[in-house]
Amino acid sequence: MISILLLIIEQKKITRHDLIKSSLPEDELTGLPNRNYIKEAYGELGVFNTTRYKSLVVFDIDHFKVVNEAHNGDEIILGIVELAKKSINDCGIMFRYSGDEFVLFLEIGSKEAENRFKTILQEAKEKMDVTISVGLVDIDLSVSIKTNYYRAVQACYAVKESGGDGIEKR
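Rules used throughout
Residues numbered from 1 in each chain as written. Predicted model: local features only at pLDDT ≥ 70, side-chain atom pairs only at ≥ 80, totals over all residues. Heavy atoms only, no water. Phe/Tyr/Trp six-rings, centres within 6.5 Å; stacked < 30°, edge-to-face > 60°. Helix = DSSP H or I, 4+ residues; strand = E, 2+ residues; numbered from the N terminus. Buried < 20%, exposed > 50% of the residue type's maximum accessible area, 1.4 Å probe, protein only. Lys NZ or Arg CZ within 6 Å of the ring centre and 35° of its normal. Pairing = 2+ DSSP bridges. Axes fitted to C-alpha atoms, helices over the stretch in contact; angles between N-to-C directions. Core = buried A, V, L, I, M, F, W, Y, C linked by side-chain atoms within 4.5 Å. Contact = heavy atoms within 4.5 Å. Left-handed = near helix turned anticlockwise from the far one by under 90°. Nonpolar A, V, L, I, M, F, W, Y, C, P; charged D, E, K, R; others polar.

Participant: Could you give me a rundown of the packing of aromatic side chains, with the residues and numbers involved?
Facilitator: As enumerated under the stated definition, the model contains eleven aromatic pairs in all. Taking the centre distance of 5.7 Å and the plane angle of 70° together, the rings of Y42 and F105 count as edge-to-face. Separated by 63 residues along the polypeptide, Y42 in helix α2 (residues 35-42) and F105 in strand β3 (residues 101-106) bring together distant segments of the chain. Taking the relative accessible area as the measure of exposure, Y42 reaches 24% and is therefore partly exposed. In this structure an aromatic cluster arises from ring pairing among Y37, Y42, F48, Y53, F95 and F105. Over the aromatic face of Y97 sits the side chain of R35, whose NZ or CZ is 4.1 Å from the ring centroid.

As structure tokens, then:
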């Protein structure tokens, strides 16, 4: 009876720990801020209250389920994050929004961001044999972060629908 009670208590600890872990503002694999960080920092309907950020990027790995089965998905994600960090080089902030989807708030204009992402796409293909779809928008300060995000997501999905491995700027 006592061992059953101890097992139940131990399971509750694990469950509580998992709940706490899933609500942390940092992604466990990459160490990047996650979508919870965005919500905490900017609020659910947050707006950009500074002109610091000029462009917003959403990107994800094309056909990630297939890539994950053929390769070590965690290694691919970490490799892509390193490519992006190297190319972005402290001119913004990158978030792991979900599985293989990333969001960036950049302090550079969309033209420069597009040029940097062309390099990331090329290196991802050459070094890791994966392709990436990228949606890129100039930040509109008159609308919410969520609206800016959805504009970039639409651009990203337009790339995916046309076969992936590209950048669409809106």
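Let's pick the thread back up.
Participant: How would you sum up the sheet that holds β3? Please name residues and give values.
Facilitator: What the five strands build is an open sheet, ordered β2-β3-β1-β4-β5; its pairing is mixed. The sheet terminates laterally at β2 (92-98) and β5 (166-169), the two strands that pair on one side only. Along the sheet, successive strands turn relative to each other by an average axial angle of 20°, direction set aside. The pairing of β2 with β3 spans six bridges and is antiparallel. The partner of R96 across the bridge, within β3, is F102.

Participant: How would you explain the pairing of strand β1 (residues 55-61) if you had to name every residue and give the values?
Facilitator: Burial analysis of β1 places seven of its seven residues in the buried class, the great majority of the element. Here β1 shows a buried face lined by S55, V57, F59 and I61 and a second buried face lined by L56, V58 and D60. As paired elements, β1 and β3 share six bridges and run antiparallel to each other. Bridge pairing in β3 places V57 opposite L104. Pairing of β1 with strand β4 (residues 132-138) involves seven bridges; the strand directions are antiparallel. Following the sheet pairing, D60 is matched in β4 by S133.

Participant: Can you break down the nonpolar core residue by residue, with the values?
Facilitator: Nonpolar side chains in soluble globular proteins tend to be buried together. Ranked by internal contacts, the top residues of the largest apolar core, which has 29 residues, are F59 and I80. For this core, the elements supplying multiple residues, two or more each, are β1, α3 (64-70), α4 (73-88), β3, α5 (110-128) and β4. The contact partners of I80, leaving out residues within four places of it in the chain, are F59, I61, A124, M128, V130 and I132. Of all hydrophobic cores here, the second largest spans 16 residues; its members include F95, V103, V137 and Y149.

Participant: Lay out the packing of α4 against α5 with the relevant residues and their values.
Facilitator: Contact geometry for α4 and α5: axes closest at 10 Å, N-to-C directions at 145°. Considering how the two elements wind past one another, α4 and α5 form a crossing that is right-handed. Listed contacts from α5 to I76, G79, I80, L83, A84, K86, S87 and I88 of α4 are R116, F117, I120, E123, A124, K127 and M128. For the contact of α4 with α5, the residue count by class is nine nonpolar, two polar and four charged.

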